[in-house]
Amino acid sequence: MVRVWNLFFPNVTPRAFTVLLRHKEVFLKMWKTSLIPPFLDPLFYLVGIGYGLGAMVQEVGGFSYVQFFAPALIASVIMTAPFFECAIGGYVRMYYQKTWDAMIATPLSIEDVITGEILYGAMRALLQGVSILIVISLFGLVKSPLALLIPVVCVFGGFMFGCLAISYISWIPNINYVDYLFTLIMTPMFVFAGTFFPISRLPEWAQTVAWFMPLYHVVLICRSLVTGIIHPEIWGSVIWILVVGAIAFAIALRLLRWRVVK
Amino acid sequence: MSPIIRGQNVVKKYGDFTAVNNVSFDIESGSLFGFLGPNGAGKTTIMKMIYCFVTVTSGRLTVDGKDVMQNPRGVKEILGVVPQEDNLDPDLTTYENLLTYARYYGIPKRIVARRAEELLDFVSLDKKDDSPVEELSGGMKRRLTLARGLINEPRILILDEPTTGLDPQARHLVWQKMRELKRRGITILLTTHYMEEAAYLCDELVLIDHGEFIARGNPDDLIKELPGESVVELHDVRNEDKAKIESRLNDYENECFGDTIYVYADSSRKVMDNLNGFTFARVIERKTNLEDLFLRLTGRSLRD
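Please read these numbers as outputs of a predicted model, since none were measured by experiment.

Rules of the game
Every chain is numbered on its own, with residues counted from 1 as its sequence reads. A letter from A marks each chain and a number from 1 marks each ligand, given out in the order of writing. Where totals are concerned, whole chains, interfaces and linings use all residues; where local detail is concerned, this predicted model gives features only for residues with pLDDT of at least 70, and gives and counts side-chain atom pairs only at 80 or more. Only DSSP runs of H or I with at least four residues qualify as helices, and only runs of E with at least two residues qualify as strands; both kinds are numbered from the N terminus onward. Our radius of gyration looks at C-alpha atoms and nothing else; its globule reference is 2.2 Å times the residue count to the power 0.38. As a rule, residues whose C-beta atom has 12 or fewer other C-beta atoms within 10 Å are exposed, those with 20 or more are buried, and those in between are partly exposed; C-beta atoms are placed from the backbone. C-beta atoms are placed from the backbone for every residue, and two residues are taken to be in contact when these atoms lie within 7 Å. Each pair of strands is called paired provided DSSP finds at least two bridges between the two strands. Angular values range over 0 to 180 degrees, each being the angle between N-to-C directions of two axes fitted as lines to C-alpha atoms, with helices fitted over their stretch in contact. An automatic or database domain assignment supplies the residue ranges for each domain. Only Asp, Glu, Lys and Arg are considered charged, only Ala, Val, Leu, Ile, Met, Phe, Trp, Tyr, Cys and Pro nonpolar, and every remaining residue, Gly among them, polar. Confidence scores here are pLDDT values: one per residue, from the predictor, ranging 0 to 100. When an angle is under 35 degrees it counts as roughly parallel; over 145 it counts as roughly antiparallel; between 65 and 115 it counts as roughly perpendicular; any other value is oblique. It is the rotation of the near helix from the far one that decides the hand of a crossing: anticlockwise by less than a right angle makes it left-handed, clockwise makes it right-handed. For this entry, the nonpolar core is defined as buried Ala, Val, Leu, Ile, Met, Phe, Trp, Tyr and Cys residues connected by C-beta atoms within 7 Å.

**Student:** Help me understand the overall build of chain A, please; the structure alone is not making it clear to me.
**Tutor:** Looking only at helices and strands, chain A features eleven helices and zero strands. When the helices and strands of chain A are listed from N to C terminus, the series reads α-α-α-α-α-α-α-α-α-α-α. Since a compact globule built from 262 residues should have a radius of gyration of about 18 Å, the 19 Å found for chain A is in line with a globular shape. Dimensions of chain A, computed from the C-alpha atoms along their principal axes, are close to 60 × 40 × 35 Å.

So, in structure tokens, the structure goes:
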């Protein structure tokens, strides 16, 4: 068991949690400023698009538009929270603040540090995902007790997105390239991965592309859990997230060792 | 006594560039060992290999018997590192920096609180424990980095250019702390390009240039390798006079660099007796030092 773990995820130890604790402490110092904007953002979307635009839209797959759209908002922060944290925060700590350099002079390995960063991304996803779950439940949009499983989706989904974002920063020469992650990867997923409209509206080739988008699977699961109407593909999506998350984690560890330890 | 750090034919290459070229060294436990050289000589690279921050391309490097490539965690457990670039955690206060760092080593909480206070006291930062790191001066940051490097009670302390950019007061404080730590039995590795600093502190040192050791030994012994115990510096020599002056100084070892001639001689008066008819803006007579040896071995031309 240990040997298999080391083969895929070398040098990752429980010490990674000490990195997570460091992030927690820093977060608690400035949670008011760093939590409120990403919390308000989806609220505006919910009211503006869900109710405003949604009033002019017919039902989608048997749901009112806002009912269709609200769970996708949870999914979207499961993506955006770790993307911002691991890409921008990660780059700042890697390159500008040299926080990682200081950490790996201790018994922490670079893999411990990266794992801590990704776990923190997952925690940010959890925090924001649950906040939105609470908000949409206040609007009466949570229809099933299965929604109590949303935190689990936040952690695993957030972990996967954290791995992707941190892998991305391993090969960019400067922080401006983070924009491309947002413009070319995050925004298309946010718009096309079944968030605002079902992917069945897309041409067939684009539906295939959408299936390869991690967000598509997270949206599907969130929508099933919030509405209680289980989409038949959901098990496939669960496996998709776990497999891609594990692969992305293994890749992230290797890429960041390559970037940091010369 | 057996060496606590041992390098055998250590090589570090970055692509085609050889930063450290086949060096071997033994560092005795409890000594203060210096690595001296100009910028880019390979000092920092050697330090980084010892604290497992960069890989060793070939050769073998062991710390307390542990190979840096095989057992980096074991090596890092007993090291304290004060790197050249300040990498304190800017999101935390002075005190929190120590607590958080201690946690990376897995030091129990009850021990840490007391130790952190002692260390802040040791580096005279006890009144700054709640200050954000950003508000500390350069000298204070260095001292905090030193305290941080001691949080795990290391057996070996690595100081990579600890005094670069510090004012004289702060520099003297760092020197004093180093001697105090040495008395406690900690092995100290120091890199610097200040020769006087090295001569003043080190038990043993190596001079490095272009990734190779060009001299090693005790600083006092090394200085004896120079042709004399004193140097006379003749400043503001006019170009057209240089050849004439040098021809009159045949009895003495001398070197010319820019507008200055360095003459290895015991007395400026004897030198000046040979130079009737020449005037110089300034004539300085002083003891030879490591810097003379270093510049003699490496040439006086500028490094990049």
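**Student:** What am I meant to see in the overall build of chain B here?
**Tutor:** Within chain B one finds eleven helices and 14 strands. Referenced to the eigenvectors of the C-alpha coordinate spread, the extents of chain B come out at roughly 75 × 45 × 35 Å. Across the 304 residues that make up chain B, the buried fraction comes to 38%. Nonlocal contacts in chain B, meaning residues at least 24 apart in sequence, comprise 70% of its contacts between residues at least 6 apart.

**Student:** Looking at this structure, how should I read the sheet that holds strand β14 (residues 283-287) of chain B?
**Tutor:** Backbone hydrogen bonds hold the strands of a sheet together, and the pairing may be parallel or antiparallel. Residues and elements named next belong to chain B. Across the sheet, which stays open at both edges, the four strands sit in the order β12-β13-β11-β14 with antiparallel pairing between neighbours. The open sheet terminates on both sides in strands that have one partner only, identified here as β12 (253-257) and β14. This sheet shows a mean twist of 20 degrees between the axes of neighbouring strands, independent of strand direction.

**Student:** Sorry, what's going on with the domain arrangement of chain B here?
**Tutor:** Often, the extent of an interface is quoted as the loss of accessible area on bringing the components together. When cut into domains, chain B gives domain 1 (3-223) and domain 2 (228-287). Placing the centre of domain 1 of chain B and that of domain 2 of chain B at their C-alpha centroids yields a distance of 40 Å.

**Student:** Could you clarify how one ought to interpret the interface of chain B and chain A in this entry?
**Tutor:** Taken together, the contact pairs 22 residues of chain B with 19 residues of chain A. Secondary-structure elements contributing two or more residues to the side of chain B that touches chain A are α2 (72-77) and α3 (94-105) of chain B. Classifying every residue of the side of chain B that touches chain A gives ten nonpolar, four polar and eight charged.

**Student:** Could you clarify how one ought to interpret the sheet that holds strand β5 (residues 66-67) of chain B in this entry?
**Tutor:** Residues and elements named next belong to chain B. Pairing within the open sheet is antiparallel, and its four strands lie in the order β2-β1-β4-β5. The open sheet is flanked by β2 (17-28) and β5, the only strands paired with a single partner. Across five bridges, the pairing between strand β1 (residues 3-14) and strand β4 (residues 58-63) is antiparallel. Bridging across to β4, R6 finds its partner in T62. Along the sheet, helix α1 (residues 43-50) contacts β1, β2 and β4; its crossing angle with β1, the most-contacted strand, is approximately 115 degrees.

**Student:** Sorry, what's going on with the confidence of the model for chain A here?
**Tutor:** Any segment with low pLDDT has predicted coordinates that should not be analysed in fine detail. When pLDDT is averaged across chain A, the result is 93; 100% of the residues are at 70 or more. Within chain A, the element-level pLDDT minimum falls on helix α3 (residues 31-52) of chain A, averaging 82, and the maximum on helix α7 (residues 150-169) of chain A, averaging 97.

**Student:** Please explain the pairing of strand β3 (residues 32-36) of chain B as it appears in this structure.
**Tutor:** Successive side chains on a regular strand alternate, one facing one side of the sheet and the next facing the other. Residue and element names in this part refer to chain B. Counting buried positions over the five residues of β3 gives five, a clear majority of the element. Taken together, the five bridges between β3 and strand β8 (residues 187-192) define a ladder with parallel strand orientation. The residue bridging F35 from the neighbouring strand is T191, located in β8. Bridge count for β3 against strand β9 (residues 204-209) is four bridges, and the pairing is parallel. Across the sheet, residue G34 finds its bridge partner in β9, namely L205.

**Student:** Help me understand the packing of helix α6 (residues 110-138) of chain A against helix α11 (residues 234-260) of chain A, please; the structure alone is not making it clear to me.
**Tutor:** Two quantities define a packed helix pair, namely the angle between the helix axes and the distance between the axes. Residue and element names in this part refer to chain A. Running from amino to carboxyl end, α6 crosses α11 at an angle of 125 degrees, the nearest separation of the two axes being 9 Å. Overall, the two elements α6 and α11 adopt an arrangement that is oblique. The handedness of the crossing between α6 and α11 comes out as right-handed. Contacts between α6 and α11 involve I110, E111, I114 and I118 from the former and A252, L253, L256, R257 and V260 from the latter.

**Student:** When you look at the confidence of the model for chain B in this model, what are you seeing that I'm missing?
**Tutor:** Of all residues in chain B, 98% attain a pLDDT of 70 or more, and the chain-wide mean is 90. We note a pTM of 0.90 for the whole complex and an ipTM of 0.89 for its interfaces.

**Student:** So what exactly am I meant to see when it comes to the nonpolar core here?
**Tutor:** Most often, soluble globular proteins keep nonpolar side chains buried together rather than apart. Grouped together as the largest cluster of nonpolar side chains are 147 residues, with contacts concentrated most on I78(A), V218(A), C222(A), I50(B) and I158(B). Counting residues per element, this core draws most heavily on helix α4 (residues 65-96) of chain A, at 19 residues. Every residue in contact with V218(A), bar those within four places of it in the chain, is listed here: A75(A), I78(A), M79(A), V153(A), G157(A) and I241(A). Judged by nonpolar contacts, the second largest core, of nine residues, contains L234(B), Y262(B), V263(B) and V271(B).

**Student:** What exactly am I supposed to notice about the packing of α4(A) against helix α10 (residues 214-227) of chain A here?
**Tutor:** Residues and elements named next belong to chain A. Look at α4 against α10: their axes get within 8 Å of each other, and the N-to-C directions meet at 130 degrees. Viewed along their axes, α4 and α10 adopt a mutual orientation that is oblique. In the packing of α4 onto α10, the handedness of the crossing is right-handed. Seen from α4, the contacting residues are Q67, A70, P71, A72, I74, A75, I78 and M79; seen from α10, they are L215, V218, V219, C222, R223, V226 and T227. Across the contact of α4 with α10, the residue classes break down as twelve nonpolar, two polar and one charged.

**Student:** In this structure, what is going on with unusual backbone geometry? I would like to understand it.
**Tutor:** Leaving glycine aside, a negative phi is the common case for residues, and trans is the common case for peptide bonds. Residues and elements named next belong to chain B. Positive phi, normally seen in glycine, also occurs at D64, with a value near 50 degrees. One can find D64 in the loop between β4 and β5. Taking the C-beta count within 10 Å as the criterion, D64 has 19 such neighbours and is therefore assigned partly exposed. Positive phi, close to 55 degrees, is recorded for D236, a residue that is not glycine.

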